[in-house]
Amino acid sequence: MSDDKSEKGKLTRRQFIVGAGVTVAAVGAGAVILGNGGSKEKNEQPEHAAHALEGAVPITLKVNGKTRDLKLQPRVTLLDALRERLQLTGPKRVCDRGTCGCCTVLLDGEPAYACMMLAIDAQRYEITTVEGLGTPEQMTAVQRKFVEKDGLMCGFCTPGFVTAVHAVLARNPKATLEEIRKGLRGNICRCGTFNRVFQAAVEAAREMRRA
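Residues numbered from 1 in each chain as written. Predicted model: local features only at pLDDT ≥ 70, side-chain atom pairs only at ≥ 80, totals over all residues. Heavy atoms only, no water.

Considerations on the pattern of salt bridges
Put simply, the rule is: Here, a salt bridge means any side-chain nitrogen of Lys or Arg that lies within 4 Å of a carboxyl oxygen of Asp or Glu. For each residue, the accessible area found with a 1.4 Å probe, counting protein chains only, is set against the maximum for its type, and the residue is called buried under 20%, exposed over 50%, and partly exposed in between.
Applying the stated criterion across every chain, the model contains nine salt bridges. R93 is the salt-bridge partner of E84, the closest N and O atoms lying 3.5 Å from each other. Assessed through its relative accessible area of 32%, R93 is described here as partly exposed. Overlapping salt bridges bring together D80, E84, R93 and D96 as one network.

Set out below in structure tokens:
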């Protein structure tokens, strides 16, 4: 009898896994309901609290041909200002340390990593994001060739590549494949579609020369 009771009191591996799963699910659901980390206090903060930060100063950015007035802390990067305040989400946040090129924008026509520049320091430039290059109805030669040559896979790095190719061909419409490769060396495609990206750039250069 004592052995039977002992066996009944033991927790089987299956029972342990099921019980742990239920506990985790309950905790996760609570976190979703209450917000960040299940903290009700944080969830109850007003939405505008993130923008009403101490030390914010007025700045003016010239983006895609429009003047935009903002109030930001001096520490806010250009990438954060574009994505979070101006809803220009073409520039992507990936490495956040100036190595992948996904956040590439043009400053007076020159490519730059938006994650590596403070918004307050970008005030003296004409800023162009991928949204300012063309539209689905009226694509640029570069954008059109990216579609025709299937120069993307997941598409996450594509805006940065398209922006960088525009800069390369604006400087040199007669750029060779090797010159294009050199101009795009600051951009990384983790899907490995480099050959198609280069093909799109070469074809775009040919089309631009004929125009």
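Text resumes after the structure shown.
A few points about unusual backbone geometry
Negative phi values dominate among residues other than glycine, just as trans dominates among peptide bonds. Worth spelling out the cut-off: Helix numbers and strand numbers start at the N terminus; a helix is a DSSP run of H or I with at least 4 residues, a strand a run of E with at least 2.
For Q87, which is not glycine, the phi torsion reads 55° and is therefore positive. Q87 sits in the exposed class, given a relative accessible area of 54%. Although it is not a glycine, D96 adopts a positive phi angle of roughly 60°. Inspection of the secondary structure puts D96 in the loop between α4 (78-85) and β3 (104-107). Classification of D96 by relative accessible area gives partly exposed; the value is 40%.

Observations concerning the nonpolar core
Which entries qualify depends on this criterion: We call a set of buried Ala, Val, Leu, Ile, Met, Phe, Trp, Tyr and Cys residues a nonpolar core when their side-chain atoms join them within 4.5 Å. The contact definition used throughout considers only heavy atoms, calling two residues in contact when any of these lie within 4.5 Å.
The biggest cluster of nonpolar side chains holds 27 residues, and the ones touching the most others in it are V142, F146, F161, V165, L169, I180 and L184. Excluding its chain neighbours within four sequence positions, the residues that come into contact with F161 are F146, L184, N187, I188, C189, F194 and V197. With 22 residues, the next largest nonpolar core counts I59, L70, C103 and A122 among its residues.

Things to note about the sheet that holds strand β4 (residues 110-113)
Working definition: the strands of a sheet are paired by backbone hydrogen bonds and lie parallel or antiparallel to each other. Worth spelling out the cut-off: In this description, strands pair whenever DSSP reports at least two bridges between them. Lines fitted to C-alpha atoms define the axes here, with helix axes fitted over just the stretch in contact, and angles between the N-to-C directions of these axes take values from 0 to 180 degrees.
Strand order in the open sheet made by the five strands is β2-β1-β5-β3-β4, with mixed pairing throughout. Each edge of the open sheet is held by one strand with a lone partner, namely β2 (66-72) and β4. Across this sheet, the average inter-strand angle for adjacent strands is 40°, counted without regard to direction. Pairing geometry for strand β1 (residues 57-63) and β2, over seven bridges, is antiparallel. If you follow V63 over to β2, its bridge partner there is K66. With respect to the sheet, α4 is in contact with β1, β2, β3 and β5 (126-128), its orientation differing from that of β2 by roughly 105°.

Observations concerning the confidence of the model for the chain
Worth spelling out the cut-off: The predictor attaches a confidence to each residue, called pLDDT, with possible values from 0 through 100.
On average, residues of the chain score 83 in pLDDT, and 75% of them are at 70 or above. Below a pLDDT of 50 lies the segment residues 5-9, which in the model reaches zero contacts outside its immediate sequence neighbourhood of four places, other chains included. Across residues 13-51, where pLDDT falls below 50, the model places 12 contacts with residues more than four positions away in sequence or in other chains.

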